Amino acid sequence: MTPKSRKAIDERLLGDESEIVRDLIARARPTAREKADTERLARRLVHAVRMGRRPQGGVDAFMQEYSLSSEEGIVLMCLAEALLRIPDADTADKLIADKIGGRDWDEHIGHSDSLFVNASTWGLMLTGRVMELGKGTLSDIGGFLGNLVKQSGEPIIRQAMRHAMRIMGKQFVLGRTIEEALELAEEAEQIGYRHSYDMLGEAAMTADDAERYLKSYRDALISIADHAARGPARTIFEKPSISVKLSAIHPRYQPRKAARLEVELLPDIIDLAKLARERDMGLTIDAEEAERLDLSLDLFAKIARAEELSGWDGLGLAVQAYGRRAYPALEWLAQLAAETGRRFPVRLVKGAYWDTEVKLAQEMGFESYPVFTRKVSTDVSYLACARLMLSKPDAFYPQFATHNAHSLAAIQSMAAPDADYEFQRLHGMGQPLYDEVVGTGPGQVPCRIYAPVGSHEDLLAYLVGRLLDYGAYTSGVNRLAVGEAPVAGFGAEGGAGGE
C-alpha cells in the first residue's frame with residue numbers, strides 16, 4: 001500500500017470544506033440522462049408511497065407525527081434522551097414534572113391512523129396493555145394525562161415513559177435474541193429482502209463487557225449460518241451477514257492504544273472472521289467516530305492481509321459519507337482490494353452522529369471539523385462515493401444505505417443495467433419506500449435490512465440515537481409521507497448527516 005493514498009486521507013481531515021466539496025461536485029456531477037432519470041424515478045417512488053399502496057406504520061408513522069420541528073417532538077426526544085443519563089429517580093421525576101405540563105399531547109391522539117402512534121403518545125401501556133383508543137375516548141386523553149401526573153405522581157409516569165420507550169424500541173429491534181430475529185426475518189426474506197444482523201451494545205467499558213459482546217457475535221454468527229444453510233443456495237453477497245463494532249469487543253478502542261489492540265483485539269476479530277469464512281458468510285466492520293478512522297483502517301488492512309482469510313470476499317467495511325475523508329478512504333480501500341485480491345462489501349452511509357463529531361471537535365479546540373457542516377455537502381460526498389464504488393466492481397460490492405428517495409433514484413440512474421449492488425435500510429425505517437424497489441425482477445434491486453438484535457438493557461441508547469437521527473422534519477423518511485412537501489426537495493434532508 002503506497003504511503004501517498006493514506007496521506008490523501010490525512011489531508012482531508014480538517015481541510016477546507018469548500019475546496020473539498022468543489023472536488024466532489026466534479027466527481028458526483030450527473031450526466032443529462034442521469035439527471036432526468038433520477039428526477040423521473042424519484043417522483044415515481046414518492047408518488048407511489050404517497051398513494052398508499054402500502055400502509056405506513058411503526059416508526060415511520062411515529063416520526064411523521066412527532067417531528068423535531070414540533071415542540072412536542074423536541075420535548076419527547078429530549079426527555080427520552082435525558083432519562084438515559086439521569087442516575088437517580090428523584091431527578092428523573094422532577095424533569096418529567098417540568099416537561100410534561102403545558103404540551104398539547106391531546107392534539108396528536110387520533111391524528112394518525114397508526115395505533116402504534118396513538119399508543120406511544122405518552123405510553124398508555126401502564127399495565128402492559130394497550131388502552132382502548134376508540135373515537136369516544138380521544139377527547140378525554142389530554143385531560144387523562146394531566147390528571148395522571150397529579151393523581152399518580154411522577155414515579156408512575158417515569159415507569160410509563162420507560163415502558164413506552166421499550167415498546168417503541170421493538171419497532172427498531174428485530175428480536176431480543178438472534179433465534180427470535182431469524183424467525184421474524186423470514187417473512188421479509190420471502191419478499192426478497194436480505195438481512196445484516198447487529199448484536200446491540202454500546203462500546204465495551206470493561207474486559208467482561210468485551211468478552212460478552214464477542215461471545216454474542218460468535219453465537220449469532222453460527223446461528224445465522226445454520227439458518228442460511230437450510231435455505232436455497234446463494235452467493236456470499238446474497239446471504240445474511242453480521243455487523244461487528246470493534247469498540248464493542250475491546251474496552252480501549254482508542255488510537256493511542258494501537259499497539260495493545262494489535263496484540264489483544266486483532267486476534268479476536270481475525271478468529272471471528274475465520275469463523276465467518278468457514279461458514280461462507282459476510283462480516284462487516286461497523287463505522288466508529290472520526291478520531292478512530294485511521295485505527296480502523298489499519299486494523300482492517302491487517303485483517304485483509306491475513307493469510308488464513310485469503311480467497312474470502314466476505315470482509316466488509318462501513319464508510320460514512322459525512323466524513324471529509326470518505327472519498328480518499330474508498331480510493332485506499334480499492335488499492336487494498338487489488339493488493340489482496342479481494343472484493344470488499346462496502347456499506348456507504350451518510351452518517352448518524354454529526355452532533356457528536358462537531359462537539360468533540362469543539363472540545364478539542366480544532367479550527368475545523370472532520371465532518372461536513374452542510375447537509376448538501378454530505379449529499380454530494382455520498383453521490384461521489386457511490387459513483388466511485390460503482391466504477392470499481394472488481395474492488396467493491398456496493399451497499400448503499402439510505403432512506404432518501406432522491407439518493408436511491410440517483411444511484412439507480414448512475415448504475416449500469418448489469419451492475420451488482422444492493423441498497424440497505426434500517427429495520428423499522430423506510431419500508432414503504434423500499435417495498436417499491438426490492439425484488440429480483442427487471443428494474444428491481446436487492447435491499448438488505450440492517451437488523452439490530454438485543455434485549456431491553458441494550459435498547460434505549462440505540463433507540464434514542466435512531467429517533468434523534470431521523471426525527472428532523474426535513475429527513476427523507478418523514479417528508480416522504482407528507483403530501484404537500486415538494487418532490488424536488490428530496491435530496492436535501494435536514495442536518496448534516498442522516499440517511
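Residues numbered from 1 in each chain as written. Predicted model: local features only at pLDDT ≥ 70, side-chain atom pairs only at ≥ 80, totals over all residues. Heavy atoms only, no water.

Engineer: Got a minute to help me understand empty space enclosed by the protein in this structure?
Structural biologist: Across all of its chains, the model carries five cavities of 30 Å³ or more by this definition. Looking at the largest cavity, its volume works out to about 260 Å³. Around the largest cavity sit 22 residues that line it, and Glu 288, Ala 290, Leu 293, Val 319 and Gln 320 are the ones nearest its centre. Breaking the lining of the largest cavity down by element, the ones donating at least two residues are helix H14 (293–305), strand S4 (315–320) and helix H15 (326–340). Here the lining of the largest cavity takes four residues from S4, the largest share from any one element. For the lining of the largest cavity, the residue count by class is 12 nonpolar, three polar and seven charged. (1 Å grid on protein atoms, 1.4 Å probe; cavity = no way out; pocket = protein on both sides within 12 Å on 5 of 7 lines; lining within 4 Å. Points joined across faces, edges and corners; volume = space filled by probe spheres on them. Helix = DSSP H or I, 4+ residues; strand = E, 2+ residues; numbered from the N terminus. Nonpolar A, V, L, I, M, F, W, Y, C, P; charged D, E, K, R; others polar.)

Engineer: Before we go on, may I ask you to explain the packing of H15 against helix H17 (residues 375–390) in this structure?
Structural biologist: Angle between the axes and distance between the axes: these two values describe a pair of packed helices. In contact at an axis separation of 9 Å, H15 and H17 are set at 15 degrees when each is read in the N-to-C sense. The angle between the axes of H15 and H17 places the two elements in the roughly parallel class. The two elements H15 and H17 meet at a crossing, and its hand is right-handed. For the pair H15 and H17, the contacting residues are Ala 326, Tyr 327, Leu 330 and Glu 331 in the first and Ser 381, Ala 384, Cys 385, Leu 388 and Met 389 in the second. Across the contact of H15 with H17, the residue classes tally to seven nonpolar, one polar and one charged. (Axes fitted to C-alpha atoms, helices over the stretch in contact; angles between N-to-C directions. Parallel < 35°, antiparallel > 145°, perpendicular 65-115°, else oblique. Left-handed = near helix turned anticlockwise from the far one by under 90°. Contact = heavy atoms within 4.5 Å.)

Engineer: For this particular structure, what's the right way to read the side chain of Arg 342?
Structural biologist: Mapping Arg 342 onto the fold places it in the loop between H15 and strand S5 (344–349). No salt bridge forms around the buried Arg 342; measuring N to O, its nearest opposite-charge neighbour Asp 313 is 5.3 Å away. For Arg 342, the side chain forms a polar contact with the main-chain oxygen of Leu 309, separated by 2.8 Å. With sequence-adjacent residues up to four places away left out, Arg 342 is seen in contact with Ile 303, Ala 304, Ala 306, Leu 309, Ser 310, Trp 312, Asp 313, Ala 337, Asp 394 and Ala 395. (Buried < 20%, exposed > 50% of the residue type's maximum accessible area, 1.4 Å probe, protein only. Lys, Arg positive; Asp, Glu negative; His and termini not counted. Salt bridge = Lys/Arg side-chain N within 4 Å of Asp/Glu carboxyl O. Polar contact = N/O pair within 3.5 Å; in protein donor to acceptor, adjacent residues only side chain to side chain.)

Engineer: Just to check I follow, could you spell out the environment of Pro 328 for this structure?
Structural biologist: Within the secondary structure, Pro 328 is located in helix H15. With 57 residues separating them along the chain, Pro 328 and Cys 385 place their C-alpha atoms 9.1 Å apart.

Engineer: Looking at this structure, I do not really get the confidence of the model for the protein. What am I missing?
Structural biologist: Parts of the model with low pLDDT should not have their predicted coordinates read in detail. Looking at the protein as a whole, the pLDDT averages 79, with 66% of positions reaching at least 70. Considering only residues more than four positions removed or in separate chains, one finds that residues 114–142, a stretch of pLDDT under 50, has 56 contacts. Across residues 489–497, where pLDDT falls below 50, the model places 37 contacts with residues more than four positions away in sequence or in other chains. (pLDDT = per-residue confidence, 0-100.)

Engineer: Got a minute to help me understand the pattern of salt bridges in this structure?
Structural biologist: If the charged atoms of two oppositely charged side chains come close together, the side chains can form a pair. Applying the stated criterion across every chain, the model contains 28 salt bridges. One salt bridge in this structure joins Arg 33 and Asp 37, with 2.7 Å as the shortest N-O distance. With Arg 33 and Asp 37 both in helix H3 (residues 32–50) and four residues apart, this pair spans about one turn of that helix. Its salt-bridge partner being Asp 420, residue Arg 343 comes within 3.1 Å of it at the nearest N-O pair. Here Arg 343, found in the loop between H15 and S5, pairs with Asp 420, found in the loop between helix H18 (405–414) and strand S7 (422–426); they are 77 residues apart in sequence, far enough to count as distant. Connected through shared salt-bridge partners, Arg 33, Glu 34, Asp 37, Arg 40 and Arg 387 make up one network.

Engineer: I tried to follow unusual backbone geometry on my own but got confused; where do I start?
Structural biologist: Leaving glycine aside, a negative phi is the common case for residues, and trans is the common case for peptide bonds. Positioned with a positive phi, Asp 280 is a non-glycine residue whose angle comes to about 55 degrees. Residue position: Asp 280 is located in the loop between helix H13 (266–278) and strand S3 (282–285).

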